[in-house]
Every structure is written in structure tokens, then in C-alpha cells.
Amino acid sequence: MGIGREREGAVLVLRFERLDRKNALTAPMYADLADALEEAAADDGTRVVVFAGDPSVFTAGNDLGDFLANPPHDEDAPVFRFLREIASFPKPLVAAVCGPAVGVGTTLLLHCELVYAGENAQFILPFVNLGVCPEAASTLLLPALAGYVRAAEKLLLGELFSALEAYEMGLVNRVLPPDEVEGFARAQAQKLAAKPLASVLETKRLMKRAQGALVAETMAEEGAVFSRMLTEPAAREAFMAFMQKRKPDFSQL
Ligand code: COA
């Protein structure tokens with residue numbers, strides 16, 4: 001339980017494996033993901049990394065209980081280490097997304113080269129509903145990808161959107177039947193792994209070059225604001241409400 005690592009030739013599959021909690025991510029899981037990416041970046045035998053979950057759920061995002069009990073205090077917190085790793089990872093990242101992709105489950109896709117989604121995929125960016133702010137440089141990358149008003153709708157209202165809408169926004173390359181998504185993503189990853197490595201790495205580096213510093217700066221600012229907001233009353237109310245299975249009451253906040 002945690003983060004599964006599967007190797008298929010030069011492709012490394014990192015799998016969210018915590019199905020009883022809908023693959024919600026805890027600090028140890030973020031640390032594991034960050035370590036795996038750091039190792040994969042340095043490992044000559046790894047050319048592509050695939051993120052996968054279960055056919056029924058990609059990930060429910062941050063584990064809300066874990067965040068409430070152990071809020072990330074500084075930039076070395078595992079969640080922020082993971083976000084920096086995905087933003088700076090030099091090799092291609094591929095995602096196979098089925099079922100709910102909540103919070104970081106959606107924002108991490110903004111750092112992937114190829115994203116394949118099941119018809120059952122559901123994307124949601126609930127940061128405002130939780131009394132915090134978005135992360136993973138999504139406040140920069142989503143408006144750039146989808147246009148300002150579409151990004152604002154997703155980030156401010158925090159409502160669920162479908163695989164088709166994600167495809168139309170440019171967040172997803174292709175929508176497939178759920179039982180075909182991971183196989184297709186793995187096959188695409190194998191195609192990338194068979195290309196000349198230096199060309200792939202330089203192409204990715206050049207595509208990311210103009211935005212790199214801005215992404216890092218945005219992520220740092222979001223991280224500082226997110227950490228502060230986590231300790232404030234709106235987030236505490238939202239998180240407690242989730243735990244207690246009731247609607248949050250923000251009327252006084
Ligand atoms: N953190 C902690 N626990 C979570 C969780 C999360 N992010 N997401 C789900 N769980 C827990 C639920 O509390 C539930 O626990 P229980 O069995 O003790 O009641 C269990 O996982 C199953 O979740 P449930 O809500 O019953 O499944 P579902 O299929 O009806 O809905 C989701 C799945 C992902 C849509 C829903 O769980 C959800 O919205 N989760 C919260 C996501 C969220 O706000 N994440 C934070 C992003 S910053």
C-alpha cells in the first residue's frame with residue numbers, strides 16, 4: 001500500500017495504491033513519489049515515467065486527515081518536494097487517468113507530456129471549496145492552457161468536469177474506454193522510450209525553457225500561501241466538515 005513501482009523495460013510505472021482511501025496521498029506517499037522521481041531522473045535505465053491509479057480512481061488528492069494532522073510547514077515538506085520534482089523532471093511523464101482525479105490528481109497532469117483518460121475520468125480542483133489555494137503552479141499553467149475564464153471557472157467554483165471537457169481544454173490527449181487507458185498509455189510510453197534519448201530530453205527541455213523559472217516561482221508562492229491558509233479557520237472548517245461528512249459552513253468566514 002502506498003506507491004507501487006513497476007518496471008517494463010525503460011518505462012517506470014508509479015502507481016497510487018491506497019484504494020480504501022480512494023488513493024488519497026499522505027506525506028509518506030509524497031516522499032516516496034519524490035524519491036522515485038529523483039532516482040528515475042538519475043537512472044540511465046529509466047527513460048519514461050507513467051503515473052497510474054486504479055481503473056475506478058486515479059487519486060482523491062491530498063489526504064485531508066493527514067493534512068490536518070501534519071500540515072506541510074516548509075518547502076521541504078514531502079508534498080512540495082514532489083511538486084518540484086514533477087515540474088523539473090527531465091524525462092517524459094505520461095499519465096493514465098481513470099475515475100476521480102482530485103486536486104493534485106488533476107494539477108500534476110499539467111506537468112505531463114502525455115495524458116490519457118478513461119471515459120469515467122472526473123477532474124476537480126476543489127482548493128477554494130477547501131479554504132486553501134491551488135498548487136503545482138496550476139494558477140499559472142491552467143489559464144495558459146485553457147484560457148483565463150475556463151481556468152477561473154474550474155479553480156474558483158471547484159466543480160467536477162468530465163474527460164471530454166478536459167480533452168477540449170487540452171488537458172488530455174485522448175479519451176478511451178477505462179479498461180484500455182493504462183495499456184494505451186504504457187504503449188505510448190514504450191514508443192517514447194524507443195526514441196533517441198537526447199532528442200527527447202532536449203525537446204522537452206526546450207518546450208519547458210521559457211516557463212521554467214516562472215513555474216518554480218509560482219509554485220513557491222502558492223506553497224507559502226497554501227501552508228498559511230491550511231491553518232486558518234476556513235480550511236479547518238472545510239476539512240472538519242469532510243471528516244464529519246457534513247456541508248461546510250463558511251457564512252462567518
Ligand atoms: N482524504 C482522506 N480521506 C479520503 C479522501 C481524502 N482526500 N478521499 C476519500 N477519502 C476517504 C473517505 O472519507 C471514505 O472514508 P470512509 O470509508 O471512512 O467513509 C473513503 O475514502 C471512501 O471515499 P468515498 O467518499 O466514500 O468514495 P466515493 O467513491 O463516494 O467518492 C471521491 C470518491 C474521491 C470523489 C470523494 O472521496 C472525494 O471527493 N474525496 C475528497 C477529495 C478532496 O477533497 N481532496 C482534497 C484535494 S486538495
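A. Representation of the packing of helix H5 (residues 138-146) against helix H6 (residues 148-157) in the model. At a closest axis distance of 7 Å, the pairing of H5 and H6 adopts a crossing angle of 135°. When the interaxial angle is binned, H5 and H6 end up oblique. Crossing geometry of H5 relative to H6 is assigned as right-handed. Contacts between H5 and H6 pair Ser138, Thr139, Leu142, Pro143 and Ala146 from the former with Tyr148, Arg150, Ala151, Lys154 and Leu155 from the latter. When the residues that make up the contact of H5 with H6 are grouped by side-chain class, the tally is six nonpolar, two polar and two charged.

B. Focus on the sheet that holds strand E7 (residues 122-124). Pairing is mixed across the open sheet formed by three strands, whose spatial order is E5-E7-E8. The open sheet has two free edges, formed respectively by strand E5 (100-102) and strand E8 (161-162), since each of these has just one partner strand. Pairing analysis gives three bridges linking E5 to E7, with the strands arranged parallel. If you follow Val102 over to E7, its bridge partner there is Ile124.

C. Just the pattern of salt bridges, in detail. Inspection of every chain in the model, using the stated rule, returns 16 salt bridges. Residue Arg15 pairs with Glu6 through a salt bridge whose shortest N-O separation is 2.9 Å. Look at Arg15 and you get buried, because its relative accessible area is 14%. In this structure Glu6 comes out as partly exposed when scored by relative accessible area, which is 26%. Lys204 serves as the salt-bridge partner of Glu113, at 3.0 Å between the closest nitrogen and oxygen. Here Glu113, found in the loop between helix H4 (104-107) and strand E6 (114-118), pairs with Lys204, found in helix H9 (residues 197-209); they are 91 residues apart in sequence, far enough to count as distant. Under the relative-accessibility criterion, Glu113 is labelled partly exposed at 22%. Overlapping salt bridges bring together Glu6, Glu8, Arg15, Glu182 and Arg186 as one network.

Conventions used here
- Residues numbered from 1 in each chain as written.
- Predicted model: local features only at pLDDT ≥ 70, side-chain atom pairs only at ≥ 80, totals over all residues.
- Heavy atoms only, no water.
- Axes fitted to C-alpha atoms, helices over the stretch in contact; angles between N-to-C directions.
- Helix = DSSP H or I, 4+ residues; strand = E, 2+ residues; numbered from the N terminus.
- Parallel < 35°, antiparallel > 145°, perpendicular 65-115°, else oblique.
- Left-handed = near helix turned anticlockwise from the far one by under 90°.
- Contact = heavy atoms within 4.5 Å.
- Nonpolar A, V, L, I, M, F, W, Y, C, P; charged D, E, K, R; others polar.
- Pairing = 2+ DSSP bridges.
- Salt bridge = Lys/Arg side-chain N within 4 Å of Asp/Glu carboxyl O.
- Buried < 20%, exposed > 50% of the residue type's maximum accessible area, 1.4 Å probe, protein only.

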